[in-house]
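# Observations on chain architecture
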2 protein chains.
Amino acid sequence: MHRGKTLEEKLFYLKKYLTFWDMLTVQQRELLIRNTAAASYSKGETIYSAEHECVGILILQHGEIRTYILSEEGREVTLFRLGAGEICVLSASCILKSITFDVHIEAEQDSEILVLNSAVFSRLMEDNIHAELFALRLAAEKFSEVMWAMEQILFLNFDARLSIFLLDETAKTGENTLQLTHEQIARYIGSAREVVTRMLHYFVDEGAVALTRGRVTVLDKKYLQAIAAQPAKQ
Amino acid sequence: MHRGKTLEEKLFYLKKYLTFWDMLTVQQRELLIRNTAAASYSKGETIYSAEHECVGILILQHGEIRTYILSEEGREVTLFRLGAGEICVLSASCILKSITFDVHIEAEQDSEILVLNSAVFSRLMEDNIHAELFALRLAAEKFSEVMWAMEQILFLNFDARLSIFLLDETAKTGENTLQLTHEQIARYIGSAREVVTRMLHYFVDEGAVALTRGRVTVLDKKYLQAIAAQPAKQ
């Protein structure tokens, strides 16, 4: 299925997710179809970083990807995650002149992605203003998401952030036991592993969670909800 | 000069800073001119916040404005500042559907600003795709600036951030004595006043700065440069 993706399948996704498809000429559509490749990424694999070449616009068919910034010492702060049916333009930031910061993108789960070649998309943007408008609108949406994430990091107490994260994850998975290491949690909420470990042990003492290797079990949601509802501070 | 700004002056600024001016019809240009107002803001005055109405696109003629986010407890984190000749679109975020976060904008200095009415600009965006493209490009540039600011806050040591700020300010003003309270410095670099005071006193002990009421004098730039050049951490 992967590399041998049919033309029909590509066309289906391009038509569905490129909202400017109807504004393209027949030639432009053909150019896009010819320069869209299917790619598979394994969980944990890097899709894009400052050292990688500009990959292009990504259309997620299956899986999940995570966008983060990285300090020189390797500290990661997650900006946002994208799932099936979502489109990533920051992976093509080389072609958006106004976007000058570096992000890293990795596969959070095994992912199937359609990649629109960046050079071709760049040419398309020059020929068709709707292509640039599409990319900039998506970038502005991400701007909003990133601001939300930053406000969480800057303004929320750490115990509230961790509580919110644990509650969100249990709600998302429908399970009280989360298969997550402290390291992974730290990455998700933009903190350091030791800080997460310290706070989780505090929660254990409070009877709110139980810890086993690579797992966190939520025992007392009400407790976490009360912590999560604390007013933001500093 | 203020409210009685001449038509010629407005026209001069609109033509110079609205890079899509040439793509407008004569009617659209007239509409813009008629709905552009000159406004004066005193230092410290709020220009825009979540509680204010969407003011519109701002063209700064003179002065300086500061954009920041605000926690529920009133902690401010500066995102960026704009000076003469720069344009602010986040003050018109109500008309950019993809921008969903709240910012606050205040006059950092007495400022003269041309304000393009947001309802009129919104209508213009519907009629002329170049207007929306213009606003989204500016928003994407700000996205990049905000990411830079966030990386400073998240990744840099606090002493390095404060050193960089003091060096930048002396370079900007050409003066070694800065007329700034600790409170103001804390706002600029997204920190708490006590943290700034503590670090400034540390710098005093090191012979790098001297403090008098409402002023900071830089005595040893080399010292601050060495601190500023430290690798980022956490």
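What you see is a predicted model; the values in this text were computed from it and never measured.

The next thing to look at is the environment of R193 of chain A. Residue and element names in this part refer to chain A. Summarising the element assignment, R193 is placed in helix α7 (residues 193–205). C-alpha separation for the pair R193 and H182, spaced eleven residues apart in sequence, amounts to 5.7 Å. Beyond its immediate chain neighbours, meaning those up to four positions away, R193 contacts H182, E183 and A186.

Mean pLDDT for chain A: 88, with 95% of residues reaching 70 or above. Quick note on the complex model: pTM equals 0.76, ipTM equals 0.75.

A few words now on the state of the cysteines. Here, the word disulfide means a covalent bond between the sulfur atoms of two cysteines. Inspection of the entire model under this criterion finds two disulfides over all chains. A sulfur-sulfur separation of 1.6 Å characterises the disulfide bridge that pairs C54 of chain A with C94 of chain A. Measuring handedness by torsion sign, the sulfur bridge of C54 of chain A and C94 of chain A sits at about -70° and is left-handed. Of this pair, C54 of chain A sits in the loop between β2 (46–48) and β3 (56–62) while C94 of chain A sits in the loop between β6 (87–88) and β7 (104–107); the two residues are 40 residues apart in sequence, bridging distant segments of the chain. Given a relative accessible area of 46%, C94 of chain A falls into the partly exposed group. C54 of chain B provides the cysteine sulfur closest to C88 of chain B, a residue in no disulfide bond, and the two sulfurs are 11 Å apart.

As recorded in UniProt, the sites labelled "domain: HTH crp-type" (unreviewed entry) are residues 156–222 of chain A. Spanning residues 156–222 of chain A, this segment combines 57% helix with 15% strand, and its end C-alpha atoms are found 19 Å apart.

Moving on, we come to the sheet that holds strand β10 (residues 209–212) of chain B. Residue and element names in this part refer to chain B. Pairing in this open sheet of three strands is antiparallel, and the strands run β9-β11-β10 from one edge to the other. Looking at strand neighbours, the two that pair on one side only are β9 (177–178) and β10, the edges of this open sheet. Bridge count for β9 against strand β11 (residues 215–218) is two bridges, and the pairing is antiparallel. Opposite T177, over in β11, you have T217 as the bridge partner. Packing of helix α7 (residues 193–205) onto the sheet brings it into contact with β10 and β11, and relative to β10 it is tilted by some 125°.

Residues and elements named next belong to chain B. It is at 10 Å that the axes of helix α2 (residues 26–34) and helix α3 (residues 118–127) come closest, and there the two elements cross at 165°. Here α2 is positioned roughly antiparallel relative to α3, judged by the angle of their axes. At the point where α2 passes α3, the crossing takes the left-handed sense. Mapping the contact onto sequence places Q28, L31 and L32 in α2 and V120, F121, R123, L124 and D127 in α3. Taken together, the residues of the contact of α2 with α3 break down into five nonpolar, one polar and two charged.

Quick look at the environment of N117 of chain B now. Residues and elements named next belong to chain B. One can find N117 in strand β8 (residues 111–117). For N117, a relative accessible area of 32% puts it in the partly exposed group. Aside from chain neighbours lying at most four places away, what touches N117 is N35 and V55.

Residue and element names in this part refer to chain B. Burial along strand β7 (residues 104–107) is two-sided: H104 and E106 facing one way and I105 and A107 facing the other are all buried. In this structure, strand β4 (residues 64–70) lies alongside β7, joined through four bridges in antiparallel fashion. Residue pairing for β7: Y68 is matched across the bridge by H104.

Procedures and definitions
- Residues numbered from 1 in each chain as written.
- Chains lettered and ligands numbered in written order.
- Predicted model: local features only at pLDDT ≥ 70, side-chain atom pairs only at ≥ 80, totals over all residues.
- Heavy atoms only, no water.
- Helix = DSSP H or I, 4+ residues; strand = E, 2+ residues; numbered from the N terminus.
- Contact = heavy atoms within 4.5 Å.
- pLDDT = per-residue confidence, 0-100.
- Disulfide = S-S within 2.5 Å.
- Buried < 20%, exposed > 50% of the residue type's maximum accessible area, 1.4 Å probe, protein only.
- UniProt positions renumbered as here; feature names shortened; annotations may be inferred.
- Pairing = 2+ DSSP bridges.
- Axes fitted to C-alpha atoms, helices over the stretch in contact; angles between N-to-C directions.
- Parallel < 35°, antiparallel > 145°, perpendicular 65-115°, else oblique.
- Left-handed = near helix turned anticlockwise from the far one by under 90°.
- Nonpolar A, V, L, I, M, F, W, Y, C, P; charged D, E, K, R; others polar.

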